[in-house]
Each structure stands twice: as C-alpha cells, then as structure tokens.
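Each chain is listed here by its residues.
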Amino acid sequence: MEIISSTADLRARLRGEASIAFVPTMGNLHEGHLDLTRIAREHATLVVVSIFVNPLQFGANEDFGKYPRTLQTDCDRLQGVADMVFAPTERELYPQPQQVTVQPPLENELCGAFRPGHFRGVATVVLKLLNIVQPQVAVFGKKDYQQLYVIRQVVAQLNLPVEILGGETVRAQDGLALSSRNQYLSVAERTEAAFLYRMLVGMRQALLDGATDHAVLERTATKTLGARGWQVDYVAVRAQDTLLPPQSDERKLVILAAARLGQTRLIDNLEVCI
Ligand code: PAF
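Remember, predicted model here, so these are calculated numbers, not experimental data.

Caption draft 1: Region of the structure containing the sheet that holds strand S1 (residues 2-4). The 6 strands lie next to each other as S1-S4-S3-S2-S5-S6, forming an open sheet whose pairing is parallel. This sheet does not close on itself; its edge strands, each paired only once, are S1 and strand S6 (163-167). Averaged over all neighbouring strand pairs, the angle between strand axes comes to 25 degrees, with direction disregarded. Strand direction decides the pairing type here: S1 and strand S4 (residues 84-86), joined by 3 bridges, are parallel.

Next comes the structure, spelled out in structure tokens:
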C-alpha cells in the first residue's frame, strides 16, 4: 500500500487509472471505516483512502486539538484493504491564508445550527479531495447522515462526475454507533451512550405503530434523555430525501439525534419507512 502526502504526487500516480473508488476519513480508523473501504473495493480496481483532520470543520471550542491522530496504526489497519493512502498536511491542502469555501445546505439546520461553519468546512474539504482524487465512486457513512446529504447536494448541484454511496452504520454490540469520539467517554458514559440507539429504536417502533405527532415524539425523547443526564441539541423526525420536516403523507423518514454526555457530543440516526 502506498502512502502519499503531496497532491502533485497523488495526481501523477493516479493518472491513467480508469477505476478509482475513494473513502475520505479523518483517520483514527475503526470497523466502520474499514466497512466503507470494503464497499469501495466492490466498485473499483483502485481504492484510495484519505486521512486528514480538517481544521475547517471544527468550531473554535471543539476538539480539533485533541482529535486522535493515529496515522501509523491507521495505515496498518488499511493494509490489504486499500491500495493508497492520501495523508496531506494542513499546508498542502490549505496553502492560502484565505480559503475559498463552499456554502452548502443545512448550514443553519440540525447539526448546522449547533456547529456553525461545520458543514461549510466539510463541503469544502470534500470538494477539494474529490477534485484531487477524481474517483468514479466515493463512499461515506450513513452515521453522518446530514453530512452525506450535504455531500450529495454539493456533488449534484456542482455537477461533479462522481457517484456517492452511503455505507450502513456499524454498531457496537450494545447498539452504540462506532465513532472516533466514543473513546472520549468515561466508563459510565460509555454504558449510558448505548441508550441513544435504544431511544431511536423506540421512536422507530412508535412511528411504525402509527404515531403521527412527531413533535410529541421529539419532546418525549428530549425529556427522557435530559432526565438521564444528557444535554440534548435536538431530536428530530425528518424526511429522508430532503431532511426537512416531513409532509403528513411522507413515508421515508429518518430520526436524527445529537446530544452530549459530559463533554462528548454524540450523533446517531435511524431510517424508518412507514
Ligand atoms: O466524516 C469524516 O470523517 C469527515 O467529515 C470527512 C468526510 C472526511 C471530511 O473531513
């Protein structure tokens, strides 16, 4: 497996490759990332994984400084799964003092409302990476459901010639969605963290059983989480295709939640077809 840090070298190496699948990551890879890489492998002869902790998508008081950087271990895990790792430095990807950015949808909605600038940072770095790698297929996890939506919108609206695939969320045995941020949790918080998924499963069941008042479901979930010590950013039932509040005849729904346990902000979601 090749590890490349310069854009020029990567471009030279990829020139003439007919079939490239790409998995952008911020490293600290877990089974969820490896799963996305396996999906990528099914769609191309060459699989490129990028590892870059993108400063543009972290707010001033967020965890950019402490985000785990584990390049060597990540590369070891990717042996036999990916063909190439692109691991640029910050200076390589953002050489200019003023970076042109992409203003995506959801800037002020859901996670966008609680993480100002986050989706702009994601959209910008993903657009840059797609332009550098120029894959036919790129794979993102459904765990970051809003991110996947934003990226699909950027690709469609800016006419990028790449197919975006969503990989299912990989969960621990107790249901907690795998995330690099889970390691910030204390032992007690880690046990409680699995409740977020149990709550989503309960909400999905209520929708399948015919509940139609989404506001009541959202309020009840928020109260339940609050009573267990979570600080809730939002629990929201939305339409899968638009992430807007659903019309009454909408069948394809997704329940989205973001909440903090101590210092750690967790997100999760569950699709429901009623
Ligand atoms: O999901 C992530 O790890 C990041 O948001 C991404 C897509 C690699 C952009 O930095």
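Caption draft 2: Region of interest: the nonpolar core. By size, the foremost hydrophobic cluster in this structure holds 44 residues, and its most contacted members are Leu10, Leu14, Val48, Leu93, Leu130 and Ile164. The element that contributes the greatest number of residues to this core is helix H6 (residues 118-133), accounting for 10 residues. Residue contacts for Leu130: discarding those within four places in its chain leaves Phe22, Pro135, Ala138, Val155, Leu160 and Val162. The next biggest cluster of nonpolar side chains, apart from the first, holds 24 residues, and it includes Leu200, Leu207, Ala221 and Leu266.

Caption draft 3: Focus on the packing of aromatic side chains. Tallied over the full model, the rule gives 4 aromatic pairs. Considering the side-chain rings of Phe52 and Tyr94, the 6.0 Å spacing of their centres and the 55 degrees angle between planes classify their relative orientation as tilted. One end of the pair, Phe52, is in the loop between strand S3 (46-51) and helix H3 (71-78); the other, Tyr94, is in the loop between helix H4 (90-93) and helix H5 (111-114), and 42 residues separate them in sequence. Taken together, the aromatic side chains of Phe58, Phe64 and Tyr67 make up a single cluster linked through ring pairs. Its end group placed over the ring of Phe195, Arg228 keeps NZ or CZ at 3.8 Å from the ring centre.

Caption draft 4: Summary view of the sheet that holds strand S8 (residues 252-261). Spatially, S7-S8-S9 is the arrangement adopted by the 3 strands of the open sheet, whose pairing is antiparallel. Both edges of this open sheet fall to strand S7 (231-239) and strand S9 (264-273), since each of them pairs with a single strand only. Across this sheet, the average inter-strand angle for adjacent strands is 10 degrees, counted without regard to direction. Note that S7 and S8 share 8 bridges and pair antiparallel. Bridging from a neighbouring strand, Val232 pairs with Ala259 of S8. In the packing of helix H7 (residues 145-157) onto the sheet, contacts are made with S7, S8 and S9, and the angle to S8 comes to roughly 125 degrees. Strand contacts of helix H10 (residues 214-227): S7 and S8, with the helix running at about 155 degrees to S7, the strand carrying the most contacts.

Caption draft 5: Spatial organisation of H3. Residues of H3 that are buried: Asp74, Cys75 and Leu78. The buried residues of H3 occupy an angular sector of 100 degrees when projected down its axis, which confines them to one face. In the core, the buried residues of H3 are packed alongside S1, helix H2 (31-41), S3 and S4. Positioned one or two residues after H3, Gly80 has a phi angle of 85 degrees, which is positive.

Caption draft 6: View of the side chain of Asp233. As for its placement among the helices and strands, Asp233 is situated in strand S7. Residue class for Asp233 comes out buried when judged on its relative accessible area of 17%. Side-chain polar atoms of Asp233 contact the side chain of Arg265, separated by 2.7 Å. With near-sequence residues (within four places) excluded, Asp233 lies in contact with Phe114, Ala258, Ala259, Arg260 and Arg265.

Caption draft 7: Geometry of the side chain of Asp63. For Asp63, the location among the structural elements is in the loop between S3 and H3. Setting aside residues up to four positions removed in sequence, Asp63 forms contacts with Phe58, Arg181 and Tyr184.

Caption draft 8: Geometry of the site of the ligand. Residues in contact with the ligand, as listed here, are Pro24, Thr25, Met26, Asn54, Gln57, Val125, Val126, Phe140, Asp144 and Gln147. Measuring from an oxygen atom of the ligand, one finds a side-chain N or O atom of Gln147 at 2.6 Å. Protein coverage of the free-state accessible area of the ligand, which is 290 Å², stands at 88%. Only strand S2 (20-25) and H6 provide two or more residues apiece to the shell around the ligand.

The rules behind each value
Residues numbered from 1 in each chain as written. Predicted model: local features only at pLDDT ≥ 70, side-chain atom pairs only at ≥ 80, totals over all residues. Heavy atoms only, no water. Pairing = 2+ DSSP bridges. Helix = DSSP H or I, 4+ residues; strand = E, 2+ residues; numbered from the N terminus. Axes fitted to C-alpha atoms, helices over the stretch in contact; angles between N-to-C directions. Core = buried A, V, L, I, M, F, W, Y, C linked by side-chain atoms within 4.5 Å. Buried < 20%, exposed > 50% of the residue type's maximum accessible area, 1.4 Å probe, protein only. Contact = heavy atoms within 4.5 Å. Phe/Tyr/Trp six-rings, centres within 6.5 Å; stacked < 30°, edge-to-face > 60°. Lys NZ or Arg CZ within 6 Å of the ring centre and 35° of its normal. Arc of directions from axis to C-beta. Polar contact = N/O pair within 3.5 Å; in protein donor to acceptor, adjacent residues only side chain to side chain. Near = heavy atom within 4 Å. Areas by Shrake-Rupley, 256 points an atom, 1.4 Å probe, with all protein chains shown as cover.

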